[in-house]
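Here are the chains, one letter per residue:
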Amino acid sequence: MKLLSLDFGRSLGLAVFNGDKVYVSDVYLPQDLGERFSTFSRVIREVEPDVIAYEKVCRHLGTEAAHQYGAYEGITLKYAHENNIKCVPIYVMTAKALFGCAKTSKEAMKVLIVNAFPGVFTGIETHNAVDAFAIGLTCLKQLGDERYESYRDTINNVVSGK
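Conventions used here
Residues numbered from 1 in each chain as written. Predicted model: local features only at pLDDT ≥ 70, side-chain atom pairs only at ≥ 80, totals over all residues. Heavy atoms only, no water. Helix = DSSP H or I, 4+ residues; strand = E, 2+ residues; numbered from the N terminus. Expected span 1.5 Å × (residues − 1). Buried < 20%, exposed > 50% of the residue type's maximum accessible area, 1.4 Å probe, protein only. Polar contact = N/O pair within 3.5 Å; in protein donor to acceptor, adjacent residues only side chain to side chain. Contact = heavy atoms within 4.5 Å. 1 Å grid on protein atoms, 1.4 Å probe; cavity = no way out; pocket = protein on both sides within 12 Å on 5 of 7 lines; lining within 4 Å. Points joined across faces, edges and corners; volume = space filled by probe spheres on them. Nonpolar A, V, L, I, M, F, W, Y, C, P; charged D, E, K, R; others polar.

Our focus in this paragraph is helix α1 (residues 33-47). For α1, spanning 15 residues, the distance from its first C-alpha to its last is 21 Å, which sits close to the expected 21 Å at 1.5 Å a residue. Taken as a whole, α1 has its buried residues at R36, F37, T39, F40, S41, V43, I44 and V47. Regarding α1, its N-cap is D32, as a side-chain oxygen of that residue lies 3.3 Å from the backbone nitrogen of G34 further along. After α1 finishes, the residue E48 shows a positive phi value of roughly 55°.

What follows is the structure, encoded as structure tokens:
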């Protein structure tokens, strides 16, 4: 199963879990909204995922951000529906809780995860990429995917502060 996990935004965080390999990236999307959403759609199509997980956000402070989030979510759900792909929304706090970071700042969580998984983040250490990775691991756990087990000890060490 190829899992694509997404952290929506102009700077799109994505992680692809494919077999025992993980690819993490941060894709800067164009300023023009039409071009941005077209590029976003192309990214999903090119990955050809079997499952898509994305960060589910229920509240945005800005109206424009909320509208854009809705567009990203709509494009994702449409692609999943048309291609008979499971789509798993992961709430921010659920992903943070996996790492024991429910009350941790975004920056502190990023540092914890990058340090815990140094082989995954080769030069790409943005919040978006780290969030996409955390969303993917959370999804693997929720789906009962055996690949989660290979990360479990490292996650437990992060939670216990080792």
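So much for the structure itself; the text now carries on.
The next point concerns the side chain of R147. Structurally, R147 can be placed in the loop between α5 (127-143) and α6 (149-160). Assessed through its relative accessible area of 13%, R147 is described here as buried. Only 3.5 Å separates the side chain of R147 from the backbone oxygen of G19, close enough to count as a polar contact. Contacts of R147, omitting those with residues within four sequence positions, involve M1, F17, N18, G19 and L140.

Moving on, we come to the environment of S105. Assignment of secondary structure puts S105 in the loop between α3 (92-98) and α4 (106-116). On the basis of relative accessible area, S105 is assigned to the partly exposed category, the value being 41%. For the pair S105 and E73, spaced 32 residues apart in sequence, the C-alpha to C-alpha distance is 25 Å.

Right, let's talk about the layout of surface pockets for a bit. Empty space within the largest pocket amounts to approximately 220 Å³. Around the largest pocket sit 14 residues that line it, and D7, E55, V92, K106 and D131 are the ones nearest its centre. Of all the secondary structure elements, the ones that give two or more residues to the lining of the largest pocket are α3, α4 and α5. The element that contributes the greatest number of residues to the lining of the largest pocket is α5, accounting for 4 residues. Across the lining of the largest pocket, the residue classes break down as 6 nonpolar, 3 polar and 5 charged.

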